[in-house]
Amino acid sequence: ERLPVFTVGDLTFGIAICNDSNYLEPARVMAAQGAVALFVPTNNGLPHGAAQPSLAEEARHVDIARAIDNTVAVIRADVTGRTADLACFGASAIVDRDGFVLASAAPHEAGLVVAEIPTAPPARRRGWDAVRNPAVASAYARLVAEAGPA
């Protein structure tokens, strides 16, 4: 029901769990609340026939889009490897606020992914700014109200 942000030391961040990262709104709301990083804990383990390397590529594209759209770093931690029933190629990576992949794990290999990201908020965020363009904010509010609860 809520999309809180957290501050630890100098870092303000939000958390989008797995599939929630596929949607624009959670990241946008958290960035608007001051998040400079978005953590995405993920479990892309799927049955062997359904697991494909393209799922890790899709996750990377989503991370780059969320980073660029909201001027936030995106840190995804995914499972990797195989069990008797599941396989995951792994999509763990760190993407900077400009959409550049700073570090990523190798497919099917456990590892630690480390990179430095800025903790200070950007001077200016990309994307729509409701303060500077109230017509966009009111149109979006109307769309959300018309859609009603999920």
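The structure under discussion appears in the preceding block.
Here the structure is a predicted model, which means the values were calculated and not measured.

**A closer look at the overall build of the protein**
- If you tally the helices and strands in the protein, you get three helices and nine strands.
- N-terminal to C-terminal, the α/β element order of the protein is β-β-α-β-β-α-β-β-β-β-β-α.
- Along the first, second and third principal axes, the C-alpha set of the protein runs to 50 × 35 × 25 Å.
- Burial statistics for the protein: of 150 residues in total, 33% are counted as buried.
- Considering only residue pairs separated by 6 or more positions, the protein has 62% of its internal contacts joining residues 24 or more positions apart.
- For the protein, the computed accessible surface area is about 9000 Å², with 60% contributed by carbon and sulfur atoms.
- Both charge centroids of the protein, one from 12 positive and one from 16 negative side chains, sit 7 Å from each other.

**What about the sheet that holds strand β7 (residues 86-88)?**
- Ordered in space as β4-β7-β6, the three strands form an open sheet in which the pairing is antiparallel. Two strands in the sheet have a free side with no partner beyond their single neighbour: β4 (46-47) and β6 (81-82).
- Taken together, the two bridges between β4 and β7 define a ladder with antiparallel strand orientation. Counterpart to leucine 46 in the pairing with β7 is alanine 87.

**Side note on the sheet that holds strand β3 (residues 37-42)**
- An order of β1-β2-β3-β5-β8-β9 is seen for the six strands of this open sheet, with the pairing classed as mixed. At either end of the open sheet lies a strand with only one pairing partner, and these are β1 (5-8) and β9 (101-104). Across the sheet, the axes of successive neighbouring strands diverge by a mean angle of 20°, strand direction being ignored.
- Two strands pair when backbone bridges link them, and strand β5 (residues 73-78) and strand β8 (residues 93-95) are joined in this way by three bridges, in the antiparallel orientation. Paired with isoleucine 75 across the bridge in β8 is isoleucine 94.
- Packed onto the sheet, helix α2 (residues 53-70) meets β5, β8 and β9 and runs at close to 155° relative to β5.

**Points about the packing of aromatic side chains**
- Taken as a whole, this structure holds two aromatic pairs when the rule is applied.
- With a centroid separation of 5.7 Å and 35° between ring planes, the pair formed by phenylalanine 6 and phenylalanine 13 is classed as tilted.
- Judged by centre distance (5.1 Å) and plane angle (85°), the rings of phenylalanine 13 and phenylalanine 39 are edge-to-face. Of this pair, phenylalanine 13 sits in strand β2 (residues 11-15) while phenylalanine 39 sits in strand β3; the two residues are 26 residues apart in sequence, bridging distant segments of the chain.

Conventions used here
- Residue positions are given per chain, counting from 1 as you read along its sequence in written order.
- Local features in a predicted model are, by the rule used here, given only for residues with pLDDT of at least 70; side-chain atom pairs are given and counted only at 80 or more, and totals for whole chains, interfaces and linings are based on all residues.
- As a rule here, side-chain values cover all heavy atoms of the structure and leave hydrogens and water aside.
- By definition, any uninterrupted DSSP run of H or I lasting at least four residues is a helix, any uninterrupted run of E lasting at least two residues is a strand, and each is numbered from the N terminus.
- Each residue's exposure class comes from its accessible area (1.4 Å probe, protein chains only) as a fraction of the maximum for that residue type: buried when under 20%, exposed when over 50%, partly exposed otherwise.
- By definition in these notes, contact holds between two residues if any of their heavy atoms fall within 4.5 Å.
- For every accessible area listed, the method is Shrake-Rupley and the probe measures 1.4 Å; residues are considered covered only by the protein chains on display.
- A positive count includes Lys and Arg, and a negative count includes Asp and Glu. His and the chain ends are not counted in either.
- In plain terms, the charge of a residue is placed at NZ if it is Lys, CZ if Arg, CG if Asp and CD if Glu.
- Two strands are said to pair when DSSP picks up at least two bridges between them.
- Every angle, taken between N-to-C directions, lies between 0 and 180 degrees, and every axis is a line fitted to C-alpha atoms, over only the stretch in contact when it is a helix.
- Geometry of aromatic contacts follows a simple scheme: Phe, Tyr and Trp rings, the Trp one being its six-membered ring, pair when their centres are within 6.5 Å, and the pair is stacked under 30 degrees between planes, edge-to-face over 60, tilted otherwise.

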